[in-house]
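Each chain, written out:
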Amino acid sequence: MNFIETFIEIYNAGAAFIIIFLIGQILFMMRKVDKDLLKARLFLNEEIMQRTWIYISVAGASFALNTLVKFIEKFTTSGEALQPFHLVEFTQLIFLISFILAVYNWYIFIGSFVHNK
């Protein structure tokens, strides 16, 4: 296993922990939130929706690109040409960063709502 593969595996494990922790915190905070008031604040705060849409779109695009690169590597003869560029690992990084940002965006939004209550 080379340096990049090792780094990606450690990064994936750390990112998975961060995502699980933030989602757990959001679920815990949601028990304390007035759902109707949360919906009203979400409707009035367009920035949260735009950021979430951007982060999820980037995450989805990188996931699709990751799948396409893996398909090319597996089923074509030119797959070996893609390996030195580490496109699969790079798309995994983009996906995880974007997904963490989307979850963190919601964590901050719901956290500020719970603390202001």
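As the structure is a computational prediction, the values presented were derived from the model and not from experiment.

Q: In this structure, what is going on with the overall build of the protein? I would like to understand it.
A: Across its full length, the protein holds 5 helices and 0 strands. When the helices and strands of the protein are listed from N to C terminus, the series reads α-α-α-α-α. Buried residues in the protein amount to 28% of all 117 residues. Of the contacts made within the protein by residues no fewer than 6 positions apart, 82% connect residues no fewer than 24 positions apart.

Q: Hey, could you run me through the packing of aromatic side chains in this one?
A: Ring pairs (aromatic) are described by centroid distance and by the angle formed between their planes. Applying the stated criterion across every chain yields a total of 7 aromatic pairs. Centroid distance Phe95 to Phe99: 5.8 Å. Interplanar angle 20°. Geometry classified as stacked. Remark: Phe99 and Phe95 occur in helix α5 (residues 87–116); sequence separation between them is 4 residues, near one turn of the helix. A residue is classified by how much of its surface remains accessible, and Phe95, at 26% relative accessible area, is partly exposed. Cluster of aromatic residues (ring-pair linked, three or more members): Phe3, Phe7 and Tyr11.

Q: Just to check I follow, could you spell out the pattern of salt bridges for this structure?
A: When the charged atoms of two side chains lie near each other, side chains of opposite charge can form a pair. Enumeration according to the criterion identifies 1 salt bridge in this entry. Arg51 is the salt-bridge partner of Glu47, the closest N and O atoms lying 2.1 Å from each other. One end of the pair is Glu47 and the other is Arg51, both in helix α3 (residues 46–75) and 4 residues apart, which spans about a single turn. Assessed through its relative accessible area of 33%, Arg51 is described here as partly exposed.

Q: Could you clarify how one ought to interpret a nonpolar patch on the surface in this entry?
A: Among the surface-exposed residues, Leu65, Leu68, Phe71 and Phe75 lie close enough to one another that they form a single nonpolar patch of about 430 Å² accessible area. Within the fold, Leu65 resides in helix α3. On the accessibility criterion, Leu65 (43% relative accessible area) is partly exposed.

Q: Before we go on, may I ask you to explain the side chain of Thr52 in this structure?
A: Mapped onto the fold, Thr52 is located in helix α3. By relative accessible area, Thr52 is classed as buried at 15%. Polar side-chain contacts of Thr52 include one of 2.8 Å to the backbone oxygen of Ile48. Once residues lying within four places of it in the same chain are set aside, the contact partners of Thr52 are Asn105 and Trp106.

Q: Just checking my understanding: could you explain the environment of Ala59 for this structure?
A: Structurally, the position occupied by Ala59 is in helix α3. With residues up to four places along the chain from it excluded, the contact list for Ala59 reads Phe95, Ser98 and Phe99.

Q: Looking at this structure, I do not really get the nonpolar core. What am I missing?
A: Among soluble globular proteins, nonpolar side chains are generally buried collectively. Among the nonpolar cores identified, the biggest contains 11 residues, and these are Leu22, Ile26, Met29, Val33, Leu38, Ile48, Val103, Phe109, Ile110, Phe113 and Val114. Every element with two or more residues in this core is listed here: α1 (3–30) and α5. Per-element accounting of this core gives the leading share, 5 residues, to α5. Leu22 has contacts with Ile100, Val103, Tyr104 and Tyr107, leaving out every residue within four places of it along the chain.

Reading the values: rules and limits
Residues numbered from 1 in each chain as written. Predicted model: local features only at pLDDT ≥ 70, side-chain atom pairs only at ≥ 80, totals over all residues. Heavy atoms only, no water. Helix = DSSP H or I, 4+ residues; strand = E, 2+ residues; numbered from the N terminus. Buried < 20%, exposed > 50% of the residue type's maximum accessible area, 1.4 Å probe, protein only. Contact = heavy atoms within 4.5 Å. Phe/Tyr/Trp six-rings, centres within 6.5 Å; stacked < 30°, edge-to-face > 60°. Salt bridge = Lys/Arg side-chain N within 4 Å of Asp/Glu carboxyl O. Patch = residues over 30% accessible without salt bridge, like charges linked within 9 Å, V, L, I, M, F, W, Y side chains within 5 Å. Areas by Shrake-Rupley, 256 points an atom, 1.4 Å probe, with all protein chains shown as cover. Polar contact = N/O pair within 3.5 Å; in protein donor to acceptor, adjacent residues only side chain to side chain. Core = buried A, V, L, I, M, F, W, Y, C linked by side-chain atoms within 4.5 Å.

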